[in-house]
Amino acid sequence: MARMTKAQRECRPGMPKKRRSTKIMFASTVLLLEAFVVFFATLAVFGLRRDEIPPALILTSGLILSVVLVLTCAVLTKRWGIALGWVLQLVLIAGGFLEPTMFVVGLAFALTWLYGLRQGRRVDRENVERDRLQAEWEKANPE
């Protein structure tokens, strides 16, 4: 039998489930999509520029950047995690110096990142207010 997680061990019937942050879910989605784009852009740069840039450098840096994008999803709940995400947006845009199309793709992802953070924050605030109102209603109307 598989080991239970801490959350599973501490769960009791009727215990409210902690709501996940929409902002973090949006940001994670953008970073994961960027990881795929970086992987395929690495293959494109490898095919187009391997005579100018050492192939090992192209593949290594592209794969490392893809892995960093994925791993950043794990630290988005920390204050510096979002800042790291912004730095990665700039790195993606700077990829346009290797493949000019990446200027457009990087800018599009940076705008998506900004939109996801802003709208996610708004939804999180609305959820906090909705949970507060629900708790007040349940307190005023015991069953």
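Remember, predicted model here, so these are calculated numbers, not experimental data.

Student: Which parts of the structure should I look at to understand the overall build of the protein chain?
Tutor: The number of helices and strands found in the protein chain is five helices and zero strands. Put simply, the protein chain runs from its N terminus to its C terminus through helices and strands in the order α-α-α-α-α. Taking 143 residues into account, the globule formula puts the C-alpha radius of gyration at 15 Å, and the protein chain, at 21 Å, lies well above it. Each of the three principal axes of the protein chain carries a C-alpha extent, and together these read 75 × 40 × 20 Å. Burial status across the protein chain gives 29% buried among its 143 residues. The long-range share in the protein chain, meaning contacts at least 24 apart out of those at least 6 apart in sequence, stands at 68%. For the protein chain, the exposed surface amounts to about 10,500 Å²; the carbon and sulfur share of it is 67%. Each charge class in the protein chain can be summarised by its mean position, and for the 20 positive and 12 negative side chains these summaries are 6 Å apart.

Student: For this particular structure, what's the right way to read the layout of surface pockets?
Tutor: Rolled over the atoms, a probe as big as a water molecule pinpoints where empty space is left. A volume near 310 Å³ is recorded for the largest pocket. Every residue lining the largest pocket is counted, 16 residues in all, and those nearest its centre are Thr42, Gly62, Leu65, Gly95 and Leu98. For the lining of the largest pocket, the element with the highest residue contribution is helix α3 (residues 55-72), accounting for five residues. Approximately 240 Å³ is the volume attributed to the second largest pocket. Along the wall of the second largest pocket there are ten residues; nearest its centre are Lys18, Arg19, Arg20, Val128 and Asp131. Of the residues belonging to the lining of the second largest pocket, the class tally is two nonpolar, two polar and six charged.

Student: Help me understand the environment of phenylalanine 36 in this model?
Tutor: With respect to the element layout, phenylalanine 36 can be found in helix α2 (residues 22-49). When its relative accessible area of 55% is taken as the criterion, phenylalanine 36 is described as exposed.

Student: What is the right way to look at the pattern of salt bridges in this model?
Tutor: A side chain of one charge can pair with a side chain of the opposite charge when the charged atoms of the two come close. Counted under the stated rule, the structure contains four salt bridges. The residue arginine 49 makes a salt bridge to glutamate 52 at a minimum N-O spacing of 2.7 Å. The salt bridge partner of arginine 122 is glutamate 126, with a shortest N-O separation of 2.6 Å. Of this pair, arginine 122 and glutamate 126 both sit in helix α5 (residues 101-140), four residues apart, roughly one helical turn. On the basis of relative accessible area, arginine 122 is assigned to the partly exposed category, the value being 34%. Overall, glutamate 126 belongs to the partly exposed group, its relative accessible area being 36%. A network of salt bridges, in which partner residues are shared, links Glu129, Arg132 and Glu136.

Analysis parameters
- Residues numbered from 1 in each chain as written.
- Predicted model: local features only at pLDDT ≥ 70, side-chain atom pairs only at ≥ 80, totals over all residues.
- Heavy atoms only, no water.
- Helix = DSSP H or I, 4+ residues; strand = E, 2+ residues; numbered from the N terminus.
- Rg over C-alpha atoms; globule rule 2.2 N^0.38 Å.
- Buried < 20%, exposed > 50% of the residue type's maximum accessible area, 1.4 Å probe, protein only.
- Contact = heavy atoms within 4.5 Å.
- Areas by Shrake-Rupley, 256 points an atom, 1.4 Å probe, with all protein chains shown as cover.
- Lys, Arg positive; Asp, Glu negative; His and termini not counted.
- Charge placed at Lys NZ, Arg CZ, Asp CG, Glu CD.
- 1 Å grid on protein atoms, 1.4 Å probe; cavity = no way out; pocket = protein on both sides within 12 Å on 5 of 7 lines; lining within 4 Å.
- Points joined across faces, edges and corners; volume = space filled by probe spheres on them.
- Nonpolar A, V, L, I, M, F, W, Y, C, P; charged D, E, K, R; others polar.
- Salt bridge = Lys/Arg side-chain N within 4 Å of Asp/Glu carboxyl O.

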